[in-house]
Amino acid sequence: MKCRVCRGEAFVKLPAHNAAFCPEHFDAFFLRQVARAIKKYRMLPPGGRVVVALSGGKDSLVTALVLHRLGYQVEGLFVDLGILEGDFSPASRQACEEFCAAHGVPLRVYSLAAEFGRGIPDIARRYPRICALCGVTKRHVMNEYTLAVGADALATGHTLDDMAAALFANLLRWDLHYLAKGLPVLPAEEGFAKKIKPLALQAENEIRAFAALHEIRPVEAVCPYAAEAKFKRYKRVLNELEEKSPGLKRAFYEGYTQQAHRFKEETARPPLVTCAVCGLPATNSPCTFCRIWRDAT
Ligand code: Q46
Ligand code: ZN
Ligand code: ZN
């Protein structure tokens, strides 16, 4: 198999693009693809400042590296959840620290234990739906931090596979609220930083190849609270379809981004109040985050 550009030995084959590339031309192709998505969905101004939510996984690390190489001012933010079982949080933190040191990306670590004297395992005893609360916690910290530093946006490492699987799941349930919110960009609003997903059009196999090319070493530890998600089944189904019809996943999701305005009126959410503790918009005051972590009542 030959590189589409230089006819040299191919390092990766991308059936969805009907192409194969050598390392050098794959690197350029991948950067170009992400740059195009950033422009198309108006994610960032040229050279803009962006906080990247780092988990230690390959998707978030690749997001940070691509934005950094495209000339944006990148800052990594890692939320240390204090999950010691399976060495999950320490190993994740180490993967972020090593990545940021290797690529000259500044890293901010927000440790729940340092801020509040406890972590996710401590509240898991009281709350059965721990992943929902962990999600609320991470989103709150990241939003608050991005607003505090005045960055243009908060970037997360969601991939085409994530976006397409979520779209598939939301369509199966005709969940109009989430169907209105599946775009690669959510604009800034009072109390909410702009949220962007620069890898929303990059498939898992492309991201894996890019990570391998740049010797990115993601964390291998798995969160002990992670359950076999329904989500994975949807990804599997989409991948089976993709194998028969290369490019289907991307067409499915890109088509949605052109039709998403049809669901717009469904974004109407419950009226928001201002949390008396943190000052951010929430459905209740104090907000869930302040109730859990700041013991606000
Ligand atoms: S870190 Fe937190 Fe995940 Fe662990 S407790 Fe659940 S939500 S599984 S991405
Ligand atoms: Zn080449
Ligand atoms: Zn609050």
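Residues numbered from 1 in each chain as written. Chains lettered and ligands numbered in written order. Predicted model: local features only at pLDDT ≥ 70, side-chain atom pairs only at ≥ 80, totals over all residues. Heavy atoms only, no water.

Q: Quick question: what am I supposed to make of the UniProt feature "binding site: Zn(2+) 1" (unreviewed entry) in the protein here?
A: Summarizing the sequence annotation, UniProt attributes the feature "binding site: Zn(2+) 1" (unreviewed entry) to Cys3, Cys6, Cys22 and His25 in the numbering used throughout. A maximum C-alpha distance of 8.0 Å among these annotated residues, which run over 23 residues, shows that they cluster at one spot. Structurally, Cys3 can be placed in the segment before strand E1 (12–14). For Cys3, a relative accessible area of 0% corresponds to the buried category. (UniProt positions renumbered as here; feature names shortened; annotations may be inferred. Helix = DSSP H or I, 4+ residues; strand = E, 2+ residues; numbered from the N terminus. Buried < 20%, exposed > 50% of the residue type's maximum accessible area, 1.4 Å probe, protein only.)

Q: Honestly, the pattern of salt bridges in this entry has me stumped. Any pointers?
A: One side chain can pair with another of opposite charge once the charged atoms of both are near each other. A full pass over the atoms with the stated rule returns 14 salt bridges. Taken together, the shared-partner salt bridges connect Lys40, Arg250 and Glu254 into one network. (Salt bridge = Lys/Arg side-chain N within 4 Å of Asp/Glu carboxyl O.)

Q: Mind showing me how you'd approach helix H3 (residues 88–103) here?
A: Along an α-helix, residues three or four apart share an orientation, since each turn contains 3.6 residues. End to end, H3 covers 23 Å across 16 residues, agreeing with the expected 22 Å (1.5 Å per residue, within 8%). Restricting attention to buried positions, one finds in H3 the residues Phe88, Ser89, Ala91, Ser92, Ala95, Cys96, Phe99 and Cys100. Those residues of H3 that are buried lie in contact with strand E3 (49–54), helix H2 (58–69), strand E4 (73–80) and strand E5 (107–111). One or two positions beyond H3, positive phi appears at Gly104, with a value near 65°. (Expected span 1.5 Å × (residues − 1). Contact = heavy atoms within 4.5 Å.)

Q: Just checking my understanding: could you explain the sheet that holds E5 for this structure?
A: Strand pairing in a sheet relies on backbone hydrogen bonds, with the paired strands running either antiparallel or parallel. On the basis of which strands lie adjacent, the open sheet formed by six strands has the order E5-E4-E3-E6-E8-E7 and mixed pairing. Of all strands in the sheet, those with a lone pairing partner are E5 and strand E7 (185–186), marking the two edges. Against the sheet, H2 engages E3, E4 and strand E6 (153–155), with an angle of about 160° to E3. Of the strands in this sheet, E3, E4, E5, E6 and strand E8 (195–196) touch helix H6 (residues 130–149), which is tilted by about 145° from E4. (Pairing = 2+ DSSP bridges. Axes fitted to C-alpha atoms, helices over the stretch in contact; angles between N-to-C directions.)

Q: Quick question: what am I supposed to make of the coordination of the zinc ion (ligand 2) here?
A: Reference geometry at the metal: tetrahedral coordination by four donors gives ideal angles of 109.5 degrees; octahedral coordination by six donors gives 90 or 180 degrees. All of the protein donors around the zinc ion (ligand 2) are Cys3 (SG), Cys6 (SG), Cys22 (SG) and His25 (ND1); their distances to the metal are 2.0 to 2.3 Å. Seen from the zinc ion (ligand 2), its four donor atoms lie at angles of 97 to 114°, and the figure they make is tetrahedral. Read N to C, the donor residues that coordinate the zinc ion (ligand 2) are spaced as C-x2-C-x15-C-x2-H. Residue Cys3 is found in the segment before E1, and its partner Cys22 is found in the loop between strand E2 (19–21) and helix H1 (23–40); the two are separated by 19 residues along the sequence. Judged by its relative accessible area of 8%, Cys22 falls in the buried class. (Donors = N, O, S within 2.8 Å, 3.2 Å for Na, K, Ca; no water. Tetrahedral: all angles 85-135°; square planar, octahedral: opposite > 155°, others 65-115°.)

Q: I would appreciate a short explanation of the site of ligand 1 in the present structure.
A: Neighbouring ligand 1 are the residues Leu81, Cys131, Cys134, Lys138, Cys223, Tyr225 and Ala226. Residues of the shell around ligand 1, tallied by class, amount to six nonpolar, no polar and one charged. (Near = heavy atom within 4 Å. Nonpolar A, V, L, I, M, F, W, Y, C, P; charged D, E, K, R; others polar.)

Q: Would you explain the coordination of the zinc ion (ligand 3) in this entry?
A: Protein coordination at the zinc ion (ligand 3) comes from Cys275 (SG), Cys278 (SG), Cys287 (SG) and Cys290 (SG), with a distance range of 2.3 Å. If you look at the zinc ion (ligand 3), its four donor atoms make angles of 102 to 115° with each other, and the shape they trace is tetrahedral. Read N to C, the donor residues that coordinate the zinc ion (ligand 3) are spaced as C-x2-C-x8-C-x2-C. Comparing Cys275 with Cys278 shows no difference in burial state: the two are buried.

Q: Before we go on, may I ask you to explain the UniProt feature "binding site: Zn(2+) 2" (unreviewed entry) in the protein in this structure?
A: Residues annotated by UniProt as "binding site: Zn(2+) 2" (unreviewed entry) correspond here to Cys275, Cys278, Cys287 and Cys290. In terms of the greatest pairwise C-alpha distance, the residues named above, spread along 16 residues, form a tight cluster of at most 8.3 Å across. Inspection of the secondary structure assignment puts Cys275 in the loop between strand E9 (273–274) and strand E10 (281–282). Given a relative accessible area of 1%, Cys275 falls into the buried group. The contact partners of Cys275, leaving out residues within four places of it in the chain, are Leu280, Ser285, Pro286, Cys287 and Cys290. Its place among the elements puts Cys278 in the loop between E9 and E10. For Cys278, the residues in contact, after removing those within four places along its chain, are His140, Glu144, Cys287, Cys290 and Arg294.

Q: Please clarify how the packing of aromatic side chains should be interpreted in this entry.
A: Each aromatic ring pair is specified by the distance between its two centres and by the angle formed by the two planes. Within this structure, the stated rule accounts for eight aromatic pairs. Seen in terms of ring centroids, Phe11 and Phe26 are 6.0 Å apart; in terms of plane orientation they differ by 50°. Their pairing is tilted. Within this pair, whereas Phe11 is found in the segment before E1, its partner Phe26 is found in helix H1, the two being separated by 15 residues in sequence. Accessibility expressed as a relative area gives 36% for Phe11, which makes it partly exposed. We classify Phe26 as buried; its relative accessible area is 0%. Consider the rings of Phe30 and Phe210, whose centres lie 4.4 Å apart with planes at 20°: the pair is stacked. Separated by 180 residues along the polypeptide, Phe30 in helix H1 and Phe210 in helix H9 (residues 204–213) bring together distant segments of the chain. Its relative accessible area of 0% is what places Phe30 among the buried residues. (Phe/Tyr/Trp six-rings, centres within 6.5 Å; stacked < 30°, edge-to-face > 60°.)

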